[in-house]
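# Breakdown of the fold
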Amino acid sequence: MKTVQRFISYSLSALFLLTLSGLAVATHHEKPKINLVEVAANNDDFQTLVMAIRASDLSGTLEGKGPFTVLAPTDDAFNKLPEGALAELLKPENKEQLQALLKYHVLPGAISSKEVGMLKLPKTLQGGTVTIESSENSVTINGAKVITGGIEASNGIIHIIDTVLIPKE
């Protein structure tokens, strides 16, 4: 009788553990349900970026199907711009310049952290290219350090950078 009880107890424990591990695997591979703009809007470090996206009328693009890779400057990165530069870009008459700046931070496709380090001169949505350099410890894009990579959204990936990328004229 004790042997049967042990067998049932072990079987239930094994079944429970298998169920939990199956749930963990299923959850781990689920695609995020919010898009790039929503991910950024839910992060306190991207309030300036989200404001600029909305002011430039790029929300529709970055909320769209994608996939896109966004090289997302933090609020601190925007604070490094020369005084008054952001305010000037946010003026309605400078919308095209703001769009060009923001599109320079977007690459077509969902490029993972591992893949981004292997690229050298990927083309941005703005039309220019960015220079990516990688070492064992870091990845830089036009000299901007990638702080955190691989934040997934339903329509792409965000890599956080510490400096606003300025397209070449």
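Thresholds applied
Residues numbered from 1 in each chain as written. Predicted model: local features only at pLDDT ≥ 70, side-chain atom pairs only at ≥ 80, totals over all residues. Heavy atoms only, no water. Helix = DSSP H or I, 4+ residues; strand = E, 2+ residues; numbered from the N terminus. Contact = heavy atoms within 4.5 Å. Areas by Shrake-Rupley, 256 points an atom, 1.4 Å probe, with all protein chains shown as cover. Buried < 20%, exposed > 50% of the residue type's maximum accessible area, 1.4 Å probe, protein only. Salt bridge = Lys/Arg side-chain N within 4 Å of Asp/Glu carboxyl O. Pairing = 2+ DSSP bridges. Axes fitted to C-alpha atoms, helices over the stretch in contact; angles between N-to-C directions. pLDDT = per-residue confidence, 0-100.

Along the backbone of the protein there are eight helices and six strands. Counting from the amino terminus, the protein carries its helices and strands in the arrangement α-α-α-α-β-α-α-α-β-α-β-β-β-β. Contacts in the protein between residues far apart in sequence, at least 24 positions, make up 62% of those at least 6 positions apart. Accessible surface, the protein: about 10400 Å² in total, of which carbon and sulfur atoms supply 57%.

Inspection of the secondary structure assignment puts Ser59 in helix α4 (residues 59-63). Owing to a relative accessible area of 15%, Ser59 belongs among the buried residues under this scheme. Excluding residues that lie within four positions of it along the chain, Ser59 makes contacts with Val37, Ile53 and Arg54.

Moving on, we come to the pattern of salt bridges. Throughout the structure, instances matching the rule amount to two salt bridges. In this structure, the salt-bridge partner of Lys95 is Asp57, at a minimum N-O distance of 2.4 Å. A residue pair is termed long-range when its members are at least 10 positions apart, and Lys95 in helix α7 (residues 95-103) and Asp57 in the loop between α3 (47-55) and α4 qualify at 38 residues. Note on Lys95: relative accessible area 31%, which makes it partly exposed. Note that Glu88 and Lys91 form a salt bridge whose closest N and O atoms lie 3.1 Å from each other.

This paragraph deals with the sheet that holds strand β5 (residues 144-153). Each strand in a sheet pairs with its neighbour through backbone hydrogen bonds, running either in the same direction (parallel) or in the opposite one (antiparallel). The six strands lie next to each other as β2-β1-β6-β5-β4-β3, forming an open sheet whose pairing is mixed. Strands with a single pairing partner mark the edges of an open sheet, and in this sheet they are β2 (106-108) and β3 (132-134). Recorded for the sheet is a direction-independent mean angle of 30° between the axes of neighbouring strands. Pairing geometry for β5 and strand β6 (residues 156-161), over five bridges, is antiparallel. Looking at the pairing, Thr148 lines up with Ile160 of β6.

This next bit is on the confidence of the model for the protein. Residue-level pLDDT values for the protein average 83, and 81% of them are 70 or greater. Mean pLDDT in the protein bottoms out at helix α1 (residues 2-28), which sits at 39, and peaks at helix α5 (residues 75-79), which reaches 96. Contacts of residues 2-28 to residues separated by more than four positions or lying in other chains number zero contacts, the stretch itself having pLDDT below 50.

This part covers the pairing of β5. It is a general feature of regular strands that their side chains alternate between the two faces of the sheet. Relative to β5, strand β4 (residues 139-141) runs antiparallel, the two being bridged by two bridges. By the bridge assignment for β5, Thr140 is matched with Lys145. Where β5 hands over to β6, the hairpin turn is made up of two residues, counted between the paired strands.

Along β6, six of the six residues are buried, which leaves the element largely enclosed by surrounding structure. Going residue by residue along β6, you find Gly156, Ile158 and Ile160 tucked away on one face and Ile157, His159 and Ile161 tucked away on the opposite face as well. With six bridges joining them, strand β1 (residues 68-73) and β6 adopt parallel strand pairing. What sits directly across from Pro73, in β6, is Ile161.

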